[in-house]
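One letter stands for each residue in the lines below.
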Amino acid sequence: MATAAAEQGSERQQYEFGPYPINANEVFAKTQLSFAFVNLKPIVPGHVLISPIRVVRRFADLTPAEVADLWGLAQLVGKTLEPHFGAQSLTLAIQDGPAAGQTVPHVHVHVLPRKPGDFENNDEVYDEIDKSEAHLSKLSEKLDLDKERVVRTREEMAAEAAELRKLFADS
């Protein structure tokens, strides 16, 4: 898989994440079919998202090439970010459809560098993933459950993406 670090000022100025624009300066790695970007409300340090460039609602609607590319980029991002964030494990998660908790109608993989004890009950990570995207849905009642995490500014996200982009410059 030919992976190149996403560069600011490249020909693409923004990406689509369902109905939401993702600025190119928030993207830190990309392939021909997928892109990796920083999360607006990460639940652990290094929590990022991988998505196909083509807006696709459901996993079953991806082409075989998109599936391979998406998971190949997720693998590369995970093995690069885990040591960068001093983690010892990864959680890779995908929610496929609204009944599974998907709030953005675009396939995406959550990549979370994990450390021992980062959650009292390890499975709480999945509840937090649900909450991390609640602000994007119309389910405002979930926002009240998510007060401890603050939405980051575009500048903060661009700064993190710039830092992470350096990790992928030689990929």
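Above: the structure in question.
Residues numbered from 1 in each chain as written. Predicted model: local features only at pLDDT ≥ 70, side-chain atom pairs only at ≥ 80, totals over all residues. Heavy atoms only, no water.

Engineer: Can you lay out the packing of aromatic side chains for me, pointing to particular residues and giving the numbers?
Structural biologist: A full pass over the atoms with the stated rule returns four aromatic pairs. Their ring planes at 65° and their centres at 5.1 Å tell us that Phe17 and Phe37 sit as a pair that is edge-to-face. Residue Phe17 is located in strand β2 (residues 14–17), and its partner Phe37 is located in strand β5 (residues 34–38); the two are separated by 20 residues in the primary sequence. When its relative accessible area of 3% is taken as the criterion, Phe17 is described as buried. Here the aromatic rings of Phe35 and Phe37 are separated by 5.0 Å at their centres, their planes lie at 20°, and the arrangement is stacked. For Phe35, a relative accessible area of 0% corresponds to the buried category. Classification of Phe37 by relative accessible area gives buried; the value is 2%. Connected via pairs of aromatic rings, a cluster forms that spans Tyr15, Phe17, Phe35 and Phe37. (Phe/Tyr/Trp six-rings, centres within 6.5 Å; stacked < 30°, edge-to-face > 60°. Helix = DSSP H or I, 4+ residues; strand = E, 2+ residues; numbered from the N terminus. Buried < 20%, exposed > 50% of the residue type's maximum accessible area, 1.4 Å probe, protein only.)

Engineer: Help me get a handle on the side chain of Gln102, residues and values and all.
Structural biologist: Mapped onto the elements, Gln102 comes out in the loop between β7 (89–93) and β8 (109–114). Of note is the side chain of Gln102, whose polar atom sits 2.7 Å from the backbone nitrogen of Gly97. A polar atom in the side chain of Gln102 sits 3.5 Å from the backbone oxygen of His106. Leave out the neighbours within four places in its chain, and Gln102 touches Arg57, Arg58, Gln95, Asp96, Gly97, Val107 and His108. (Polar contact = N/O pair within 3.5 Å; in protein donor to acceptor, adjacent residues only side chain to side chain. Contact = heavy atoms within 4.5 Å.)

Engineer: Describe the environment of Pro83, with residues and values.
Structural biologist: Considering the arrangement of structural elements, one finds Pro83 in helix α1 (residues 64–84). In this structure, the C-alpha to C-alpha distance between Pro83 and Pro113, residues 30 residues apart in sequence, is 8.5 Å.

Engineer: Explain the pairing of β5 to me, and be specific about the residues and the numbers.
Structural biologist: Among the five residues in β5, five count as buried, and that is most of the element. Here β5 shows a buried face lined by Ser34, Ala36 and Val38 and a second buried face lined by Phe35 and Phe37. In this sheet, β5 lies alongside strand β4 (residues 27–30) in antiparallel orientation, the contact comprising three bridges. Note that in β5 the partner of Lys30 across the bridge is Phe35. Hairpin connection, β4 to β5: the antiparallel pair is bridged by three residues. (Pairing = 2+ DSSP bridges.)

Engineer: Outline the nonpolar core, listing residues and values.
Structural biologist: In terms of nonpolar packing, the biggest core is built from 22 residues, with Phe28, Ile50, Val77 and Leu81 touching the most fellow members. The dominant element in this core, judged by the number of residues it contributes, is α1, at six residues. (Core = buried A, V, L, I, M, F, W, Y, C linked by side-chain atoms within 4.5 Å.)

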